[in-house]
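# Structural overview for review
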Amino acid sequence: LGFFGGGFFEYRFTEKIGGQINVNFIQLGGEKIPTTLLFSPNSIFLYDVKSIDLSIYGIDVPLTAKYHFTEFSPEFYVNLGLSGTYILKAQAALNKETSVGGMYSSNTTYVDVTKKVQNLQACGVVGCGTSIPLGNLSILLDITFHYGITDLSANNIAANNGFNSKFLKVGVGVVF
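We now turn to the structure provided with this report. Every value quoted in this text rests on a predicted model; they were computed, and no experiment measured them. Counting restarts for each chain, with residues numbered from 1 along the sequence as it is written. Where totals are concerned, whole chains, interfaces and linings use all residues; where local detail is concerned, this predicted model gives features only for residues with pLDDT of at least 70, and gives and counts side-chain atom pairs only at 80 or more. As a convention, hydrogens and water are excluded, and side-chain values are obtained from all of the structure's heavy atoms.

## Quick look at the environment of Y110
Note on conventions: DSSP H or I runs of at least 4 residues are helices, E runs of at least 2 residues are strands, and numbering of each starts at the N terminus. One can find Y110 in strand 5 (residues 103-112). Spatially, the C-alpha atom of Y110 lies 9.6 Å from that of L54, the residues being 56 residues apart in sequence. Sequence-distant contacts of Y110, defined by excluding residues within four places in its chain, comprise Q91, A92 and A93. By the convention used here, residues are in contact when the closest approach between their heavy atoms is within 4.5 Å.

Structure below.
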């Protein structure tokens, strides 16, 4: 579960067909990822680590073609395109569990793993949404699915064991 925020510009070529560009700050990641995606098996970071959670922060720029179903009220649309994400920072949460005298203790250590993740990610994007008129403004409800095309692992420690992202964005916005 992550968050995003930003803006978009749409140009309509015809009443039904348009193109849209977004610029969003985005946070995404995964829980309980395999340790070999970020660390070598002998890494000192992995001592007593039970699981790793990954958070990635970046600037996402989707470019999509949109088809508007103008015969519906409120208007409905579908979109399809590509997205490029510039990765600003990646952080791993190392969830550790230690046992001392039969008592278990859990703690989390955060490690900057930005150098272990690629700077850029490419995604295919498909989505849909609606724009609900409200006076001079509209309320936008938007759902898009991003499917990572590129490998995000910068050093791919385990042969052929990279990773890409797949995420669903659900957005609510104001159009003016």
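## As for the side chain of N22
When you line up the elements, N22 lands in strand 2 (residues 17-33). Any N or O atom pair separated by 3.5 Å or less is treated as a polar contact, with the protein-specific requirement of one donor-capable and one acceptor-capable atom, and with residues adjacent in sequence counted only for side-chain atom pairs. In terms of polar contacts, N22 uses its side chain to reach the side chain of Q20, at 2.8 Å.

## Some points on the pairing of strand 3 (residues 49-69)
The side chains of a regular strand alternate, first on one face of the sheet and then on the other. In this sheet, strand 3 lies alongside strand 2 in antiparallel orientation, the contact comprising 13 bridges. What sits directly across from I26, in strand 3, is G58. Paired strands are those between which DSSP finds at least two bridges. For strand 3 and strand 4 (residues 75-100), the ladder comprises 20 bridges, and the chain directions are antiparallel. Pairing of S51 across the sheet is with N95, part of strand 4. Count of turn residues in the strand 3/strand 4 antiparallel hairpin: five residues.

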